[in-house]
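Structure at a glance
Below are the chains, spelled out letter by letter.
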Amino acid sequence: MNKPVAIDTARIEPVAPVVLVPKPPPIVPAGPRFRKPWLIAGLLSLALLAVIGVAWWLATSEAPVRYTTAPVTRGAVTRAVTATGTVNPVLTIIVGAYDSGVIQDLQCDYNTQVKKGQICAKIDPRPYQTVVDQNKANLAVAKAQLEKDKANLAYTKLGLDRAAKLVQTKAVSQDTYDNAKSTYDQAIATIAFDEATIQQRQAALDAAQVNLDYTNIVSPVDGTVVSRNVTMGQTVAASFQTPTLFLIATDLTKMQVDTNVSESDIGGVKDGNKSTFTVDAFPKRTFKGAVNQVRQSPQTVQNVVTYDVVVGVDNSDLALKPGMTAATRIVIDQRDDVIRVPSQALRFSPGGASATTQGQAQVWVLRDGQPVAVPVTT
């Protein structure tokens with residue numbers, strides 16, 4: 001039998017209390033979601049079939065036919081050529097300088113109204129005046145020499161007459177007479193030489209006077225100064241090339257438009273064709289003119305051949321300025337009081353409709369809501 005054991009309670013240490021925590025439930029992994037791929041494929045197929053059905057319905061359904069109509073009118077039918085041109089004066093005079101020198105006086109400016117012979121500028125005349133005075137002196141010397149030689153001619157004439165009388169009486173020798181005759185002939189030749197010298201000196205004086213007169217730059221015509229290329233005190237050199245000092249337009253009330261017409265359209269343009277044009281300065285105004293000249297000189301720019309067609313226009317109100325760009329329309333053919341239809345009607349050809357005639361112009365008209373081809377006679 002077991003014997004009881006004595007326990008010393010004084011030596012027993014106290015034990016900390018133990019807290020019992022409940023054990024969490026075990027984590028069970030989630031299983032795969034339930035999917036139906038056949039359902040998604042079916043929905044996409046239905047959508048595709050719906051789109052195809054709508055497209056087929058739209059393609060096979062007949063839309064209502066709508067025609068754009070225009071009334072048949074009676075009036076003028078014209079054929080025209082369009083071109084771009086530049087407004088210019090009918091005649092522009094280039095005023096240059098014949099002499100070289102310093103501009104001493106300037107009397108003309110832009111827009112100055114000038115008359116024929118009016119002085120516009122003046123070159124310093126002193127060098128040319130000196131040449132004129134020198135030639136005048138040379139001419140005076142030649143004339144004085146002529147008078148001297150005329151007196152000598154008279155004296156030699158007396159000597160010749162005296163020798164002629166003496167030789168008849170054998171008072172002098174024949175050689176004396178011949179010497180007197182030679183002296184007389186030389187005096188006559190000297191007179192002719194002096195007269196030629198006078199003409200030469202007179203020509204030199206005239207040339208010097210012309211150069212002096214050219215120091216006055218005058219207007220050769222009545223007109224308006226449209227350009228001034230010289231200032232006071234400027235030195236003008238006219239040795240190799242005549243400098244341009246002024247541009248004078250003869251009459252700004254009559255202008256012309258220089259248009260560039262292509263070679264494909266120039267065949268129908270003739271003198272007298274009516275023309276209209278507009279400029280950017282007056283977009284709502286139409287200017288009227290007529291073809292004055294079709295110039296035969298071609299102008300080639302980047303392999304494009306054009307011809308200059310001159311259109312004359314009245315500019316009494318001075319609205320047109322030189323250099324303006326003009327959009328020109330030249331009428332090359334016109335028929336008045338004829339039946340007119342839009343050009344689209346002549347080119348219209350509805351689907352399923354057959355032409356009544358082959359190769360003949362026709363216009364389509366509506367009869368009972370259906371297009372009918374009607375032949376056009378010209």
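Scroll up to find the structure.
This section reports on the structure supplied with the text.

1. Comments concerning the packing of aromatic side chains
Enumeration over the complete set of coordinates arrives at three aromatic pairs. For the ring pair F277 and F287, a centre distance of 5.4 Å and an interplane angle of 15 degrees mean the geometry is stacked. Of this pair, F277 sits in strand β11 (residues 274–279) while F287 sits in strand β12 (residues 282–301), and the two are 10 residues apart along the sequence. For the pair shown, F277 and F287 are each scored as buried. Consider the rings of F282 and F287, whose centres lie 6.2 Å apart with planes at 70 degrees: the pair is edge-to-face.

2. Section: a nonpolar patch on the surface
On the surface, W38, L39, L43, L46, L48, L49 and I52 cluster together to form a nonpolar patch covering roughly 790 Å² of accessible area. With respect to the helices, strands and loops of the structure, L48 is situated in helix α1 (residues 37–60).

3. Overview of the sheet that holds strand β3 (residues 101–106)
Hydrogen bonds between backbone groups are what pair the strands of a sheet, and the pairing can be parallel or antiparallel. The sheet built from four strands is open, its strands ordered β6-β5-β3-β8 with antiparallel pairing. Of all strands in the sheet, those bounded by a partner on one side alone are β6 (216–218) and β8 (235–236). Relative to β8, β3 runs antiparallel, the two being bridged by two bridges. Residue pairing in the sheet places G101 in a bridge with V236 of β8.

4. Observations concerning the environment of D280
Topologically, D280 is positioned in the loop between β11 and β12. Once the C-alpha coordinates of D280 and T325 are considered, the two residues, 45 residues apart in sequence, prove to be 7.3 Å apart.

5. Brief notes about the environment of F246
Note on placement: F246 falls in strand β9 (residues 244–249). For F246, a relative accessible area of 0% corresponds to the buried category. Separated by 19 residues in the primary sequence, F246 and S227 have C-alpha atoms spaced 5.5 Å apart. Residues in contact with F246, not counting those within four places in the same chain, are I93, I94, V95, L106, C108, C120, A121, I217, V225, S227, R228 and V230.

6. Re the pattern of salt bridges
As enumerated under the stated definition, the model contains eight salt bridges in all. The salt bridge involving R228 is made with D109; its shortest N-O contact spans 2.9 Å. With R228 in strand β7 (residues 223–228) and D109 in the loop between β3 and β4 (113–114), the pair connects residues that are 119 residues apart, well separated along the chain. For D109, a relative accessible area of 36% puts it in the partly exposed group.

7. Some thoughts on the pairing of β7
Of all six residues making up β7, five are buried, and the element is well covered by its neighbours. Pairing of β4 with β7, which is carried by two bridges, proceeds in the antiparallel orientation. Bridge pairing in β7 links Q113 to T224.

8. Considering the sheet that holds β9
Read from one edge of the open sheet, four strands run β2-β9-β7-β4, paired in antiparallel fashion. Pairing within the sheet leaves two strands with one partner each, and these edge strands are β2 (92–96) and β4.

9. Comments concerning helix α3 (residues 174–213)
With 40 residues, α3 should reach 58 Å at 1.5 Å per residue; the first-to-last C-alpha distance of 58 Å fits that figure. If you check which residues of α3 are buried, you get A180, Y184, A187, I191, D194, T197, I198, L205, A208 and L212. Against α2 (126–168) and β6 lie the buried residues of α3.

About the thresholds
Residues numbered from 1 in each chain as written. Predicted model: local features only at pLDDT ≥ 70, side-chain atom pairs only at ≥ 80, totals over all residues. Heavy atoms only, no water. Phe/Tyr/Trp six-rings, centres within 6.5 Å; stacked < 30°, edge-to-face > 60°. Helix = DSSP H or I, 4+ residues; strand = E, 2+ residues; numbered from the N terminus. Buried < 20%, exposed > 50% of the residue type's maximum accessible area, 1.4 Å probe, protein only. Patch = residues over 30% accessible without salt bridge, like charges linked within 9 Å, V, L, I, M, F, W, Y side chains within 5 Å. Areas by Shrake-Rupley, 256 points an atom, 1.4 Å probe, with all protein chains shown as cover. Salt bridge = Lys/Arg side-chain N within 4 Å of Asp/Glu carboxyl O. Pairing = 2+ DSSP bridges. Contact = heavy atoms within 4.5 Å. Expected span 1.5 Å × (residues − 1).

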